[in-house]
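Listed here are the chains, written in short residue letters.
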Amino acid sequence: MKLKKMSIMVALFALTLSAGAQNLNVQSAIQDLKKNYLNKAKKEIDLACEHENTKGEPKTWLYKGLIYARIGGETTNPKSKFKDLAPDWAEQAYAAALECKRLDVKKEYADENNSVFRFVGNEYYTRSTELYNKQQYADALACSDKAIEMFQNTGDRKYIDEARYIAGISCKAMKNNEGMKKYFTQMMKAKTDKNLVYRTLFNQYKEDGNKAEAKQVADRYLKNCPKDYNAFLLMAEAYLLNDDVEKGKEMINQVLEMTKEQSDIYPQILGLSAAILETTQDYEGAEAKYSESLTINPTQFDANFGMGKMIFNRAVDKLDAANAVPPDDETGLYDKLLGEANGFFSNSTKYFTAAINYIDNMTDDNAKKMQRANLFNCLQALKTVYARLEQYDDLKAVNARLAEIQQAQ
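Residues numbered from 1 in each chain as written. Predicted model: local features only at pLDDT ≥ 70, side-chain atom pairs only at ≥ 80, totals over all residues. Heavy atoms only, no water.

The next point concerns the overall build of the chain. In terms of helices and strands, the chain carries 19 helices and zero strands. Reported as C-alpha extents along the three principal axes, the dimensions of the chain are approximately 105 × 45 × 45 Å. Buried residues in the chain amount to 47% of all 409 residues. Contacts spanning at least 24 positions in sequence make up 57% of the contacts within the chain whose residues lie at least 6 apart. For the chain, the accessible surface area stands at approximately 21,800 Å², while carbon and sulfur atoms represent 47% of it. (Helix = DSSP H or I, 4+ residues; strand = E, 2+ residues; numbered from the N terminus. Buried < 20%, exposed > 50% of the residue type's maximum accessible area, 1.4 Å probe, protein only. Contact = heavy atoms within 4.5 Å. Areas by Shrake-Rupley, 256 points an atom, 1.4 Å probe, with all protein chains shown as cover.)

Structure follows, in structure tokens:
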């Protein structure tokens, strides 16, 4: 998953100081900061934060935050002589910003101090994304929590939500469902427009068997994002989940009407609509939607895989029903069901093959790697079908490809 990296610059403000208000250390620190003599500025501001004449002044702590933030900006430059000056710069800058905020009862320095909160918050946010991408989810969550705490001092809801998002997906990766619900519910209440947030919450409540909460998520999505077709699709699922088939199909039709002129996404919407109808065992309706999608774009992956999977699953259901027929049955039901199962199995192969061809023809190697699990699933399905139908030459070719995938892992 590619995650957006926020870019927040620290604004270093040259504040005018009266001669009697600060001691020499603060004045020297300000001048050295302006000249980028960070080692001297750090030493001077540290002394000022301990001195009786200056430690109670918000301006002193503001400059400590700004100086340490500037040091933090040097840590990413391997050629900088200041890159190792303060390994704990983020913690120091944050503590200084908190102290400045506490002392600044008149909010004279709020804007400048908020630049420190944002800079340090962005540092922890960046760390959280890097840790998440390295699959170090617990550490990513810890950094996200720190970023949230820092952004809350400024009231920047956008940045708070970005950090909550990393926290939520980190919890999801760790299967910490309650944690995921906490962060994503907060985002939902803040009117996020991220489809993944609503979809993940919906699926979790559905898995929990909590249909009412799942529907509330869909209701909130539609209320927050009334122009997002994904909200209508989720609402359709919510209605169908609660056995309101008529309203569910009505929502599906609304989505199709909304997107029919958008040729780039309409085939995908047809496929998603088909998948939703399939959950209600409206196979005729689902097949019609898949077929329409394939008429528009016959070489796509989604509708080919969706149609193949649906037909394959129907074959499995027929086979299970055949195996459940009593041995002494003389009605011919077993043979009838077995024939239907084999018919479905055979019909599924052309769709799985088309889905595999789509992946094989991809030119982007990274995108192709992302499809490896889908390729494996298609080949596994074909392996079952060919073994069932005794198509041994085809089975041999499929087994060879599966072996290649397993060796590459």
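Counting residues in each nonpolar core, the largest one holds 121 residues, and the members touching the most others are Ile45, Trp89, Val120, Phe184, Leu201 and Val217. When residues in this core are grouped by element, the largest group, 11 residues, is from helix α11 (residues 229-241). With residues near it in sequence (within four places) discarded, Ile45 still touches Ala29, Thr60, Tyr63, Lys64, Ile67 and Tyr68. (Core = buried A, V, L, I, M, F, W, Y, C linked by side-chain atoms within 4.5 Å.)

What follows is about the environment of Gln186. Of note, Gln186 is situated in helix α8 (residues 177-189). Residues Gln186 and Leu234 lie 48 residues apart in sequence; the distance between their C-alpha atoms is 19 Å. One polar contact links Gln186 to Arg164, side chain to side chain, over a distance of 3.2 Å. (Polar contact = N/O pair within 3.5 Å; in protein donor to acceptor, adjacent residues only side chain to side chain.)

This part takes up the packing of aromatic side chains. All told, the structure shown has 11 aromatic pairs when counted by the stated rule. In textbook terms, an aromatic cluster arises when at least three aromatic residues are bridged by ring pairs, as seen for Phe301, Phe305, Phe312, Phe345, Phe352 and Tyr358. The positively charged end of Arg127 is found above the aromatic ring belonging to Tyr124, 4.8 Å away from the centroid. (Phe/Tyr/Trp six-rings, centres within 6.5 Å; stacked < 30°, edge-to-face > 60°. Lys NZ or Arg CZ within 6 Å of the ring centre and 35° of its normal.)

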